[in-house]
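Now for the letters of each chain:
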Amino acid sequence: MPIDRTRNIGILAHVDAGKTSLTERLLFDTGAIDRLGSVDAGTTRTDTGTIERQRGITVRSAVESFRVGDTQVNVIDTPGHPDFVAEVDRVLGVLDAAVLVVSAVEGVQAHTRVLMRTVREIRLPVLIFVNKIDRGGARYGSLLSELRKTVAPHLLSMTAVTGIGSGAARALPRSLDDPAFAADTAEALADLDDTVLARVVDGPALTPHELRAALAEHTNAGALHPVYFGSARTGAGVAALVDALTGLPGPAISTDTVARGTVFAIDRDRSGGKTAYLRLFSGTVGPRDTLTVERDEPEGRTRFPVRPTGLRVVGSAGNRLHAGQIGALTGVDAVRVGDRLADPSETGTRRPYFATPTLRSVVRTRDGDAARVHAALRQLAERDTFLRVRTEPDGATSVLLYGEIQREIIAATLADEYGLEVSFDAARIDCIERVTGTGIAVEEMGYRAPGPHGFWATVGLRVAPAPLGSGNAFDYETELGALPRALHTAIEETVHAALRRGPAGWPVRDCTVTLVRSGFAAPLSTAADFRSLTPIVLAQALRRAGTRVHEPTHAFDIAVPADTFAAVTALLATLEAEIDTTADGPAGWTITGTIPARTVRAAQQRLPGRTRGEGVWWSRPDGYRPVRPA
């Protein structure tokens, strides 16, 4: 099969819109599975975890595939609950297009609007599937108006619906040979295309072939969004959606021979075996190939080699992965979600599409086995880079969270998969410290820490601020080779570890630590001497340099009805937000600014009450600002 006949499609939606049911229906109707699974019965192909089956919600992204003719479609089912938006964040970067599922009954939800805004921002082609037309209360015309007003202005309904709101509901594909549909299509395209507009005004009328080509062009550019009505339960309208999926653009195939790709999902079986799902953008990958993996950490970027022992191409019998395909790799224990295959000479990091979590909570086990909890959470963090596992000074382990549902799922997963009963301490916002000046500290050989013995080591360190967002760096002013390599390594590794907890108890970010003095006495000096003395010297240098605590902030963009503007701005003031711009438009006011991460959740919870449920909140991480005096 030619690689350009592969399509990688994400299914996105608010919780309970019917994503997983639609995925199941797509697989069944195209012959990929011979039995239609049920979310309620816990028999779907993509919700494979025990917790997912018990609760009937998607927690982790899953990949399945089907074929239509010579086209293979890889379908990635994503979670709908906002607490698991980290899963969606990773998936967006590996998609060729997406299907946004909306309930014909409940209509547009807040998370629907957040998802659509995000995919429109990255210009991803998006089809909209309006599900549940067979349910009582389902809508057609009013829902289209709601979608245009709140989700995307440029829509085109590709199906007509009969019997809506009943079990007899049917979705009938509209044809460009129908003059009425051709006129609707031309009108929708005229708002986006001056050439089409000129033909609509001055003639001659566009032919069905010309309309079809223009529709494909603007759909593929993410400017126009075809809307398909149907029912995942009955299968109504799904055939038209399948035809549309196979007609979407294929992946952009790079001619570069360097293997570049993204690991977007991790699975572990009951025996602990790991499978990493990789979307490849260029080059090829096969089992036993040596690959360069890079990872962005708060402390900076790391790179390391991996060599997969096994590889399965999703939806194919081959064992060599080509650009545009998705592969399941085994024998890659060091790999985790978010890792990338890249050219070692490349620089730059990917900014998250959604807000990262900022609630840190300590996880404690009832039997006191902190080591098992830490190991289990490390494995869960392989699937979720936003989880950010950290060891606290008392030996307990903490994690970053989005909210209560995610915390419940983690607790249930630890109990089900690891046999651990845990509790969570009250969550707090994760801050950082930044260096405010320059500080130098030196301790000569023989320095005595509390206790009877001195250290056979000399260490001098200078701490200075680095550019915001640059991370931490270690440098040398001493001559390389003045110390044995193992001692240099001991100092550098210890510096990076010690910066995880600054004078105020928070990680230190964006600083440069320079080794300005060193010495050893052979054969007495050991790496342990340098690992013990370095944090003492670094702490002295940090105190002399001074640090200031910064809290995370989000950039926000909200849309609210005109008559609620005053109430919303008053709410933002109480939440310590800083308003940057306000703009009045036909749909109401748009307000942008920054807000402390610690008050984002309160803003999201209280905005509906100030706006009759019509306000839309959107935010993303926007750095840090100094903590203000209470």
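First things first, this report covers the structure right here in the doc. Remember, it's a predicted structure, so these values are computed and weren't measured experimentally.

Cut-off values and rules
Residues numbered from 1 in each chain as written. Predicted model: local features only at pLDDT ≥ 70, side-chain atom pairs only at ≥ 80, totals over all residues. Heavy atoms only, no water. Helix = DSSP H or I, 4+ residues; strand = E, 2+ residues; numbered from the N terminus. Buried < 20%, exposed > 50% of the residue type's maximum accessible area, 1.4 Å probe, protein only. Contact = heavy atoms within 4.5 Å. Areas by Shrake-Rupley, 256 points an atom, 1.4 Å probe, with all protein chains shown as cover. Pairing = 2+ DSSP bridges. Axes fitted to C-alpha atoms, helices over the stretch in contact; angles between N-to-C directions. Phe/Tyr/Trp six-rings, centres within 6.5 Å; stacked < 30°, edge-to-face > 60°.

### Considering the overall build of the chain
For the chain, the count of helices and strands is 15 helices and 33 strands. Burial status across the chain gives 52% buried among its 630 residues. Considering only contacts in the chain between residues 6 or more positions apart, those separated by 24 or more positions represent 73%. About 26,700 Å² of surface is accessible on the chain, with carbon and sulfur atoms providing 51% of the total.

### Details of the sheet that holds strand β6 (residues 155-157)
Taken in spatial order, the seven strands of this open sheet run β2-β3-β1-β4-β5-β9-β6, and their pairing is mixed. The strands lining the two open edges of the sheet, one partner per strand, are β2 (62-68) and β6. Taking each pair of neighbouring strands and ignoring which way they run, the sheet shows an average axis angle of 25 degrees. Where strand β1 (residues 6-13) meets strand β3 (residues 71-77), six bridges bridge the pair, whose relative direction is parallel. For Thr6, the partnering residue across the bridge sits in β3 and is Gln72. Packed on one face of the sheet, helix α9 (residues 238-246) meets β1, β2, β3, β4 (97-103), β5 (126-131) and β9 (225-229) and runs near 170 degrees to β5.

### Some points on the packing of aromatic side chains
Considering all chains together, one arrives at four aromatic pairs under this definition. Ring geometry for Tyr140 and Phe229: centres 4.5 Å apart, planes at 40 degrees, overall tilted. Linking Tyr140 in the loop between β5 and α5 (141-150) with Phe229 in strand β9, this pair joins segments that are 89 residues apart in sequence. Under the relative-accessibility criterion, Phe229 is labelled buried at 0%. Where Phe556 meets Trp617, the ring centres are 5.4 Å apart and the plane angle is 20 degrees; that geometry is what we call stacked. Of the two residues, Phe556 sits in strand β30 (residues 547-560) while Trp617 sits in strand β33 (residues 616-626), which places them 61 residues apart along the sequence. Phe556 gets classed as buried once you look at its relative accessible area, which sits at 2%.

### Overview of the sheet that holds strand β26 (residues 458-465)
With mixed pairing, four strands are arranged side by side in an open sheet as β25-β26-β29-β27. Strands with a single pairing partner mark the edges of an open sheet, and in this sheet they are β25 (439-443) and β27 (473-476). Neighbour to neighbour, the strand axes of the sheet diverge by 20 degrees on average, direction disregarded. Two strands pair when backbone bridges link them, and β26 and strand β29 (residues 511-519) are joined in this way by eight bridges, in the antiparallel orientation. Residue pairing for β29: Ala464 is matched across the bridge by Thr512. Where helix α12 (residues 485-498) meets the sheet, its contacts fall on β26, β27 and β29, and the angle it forms with β27 comes to roughly 150 degrees.

Read these as geometric descriptors, not functional statements.
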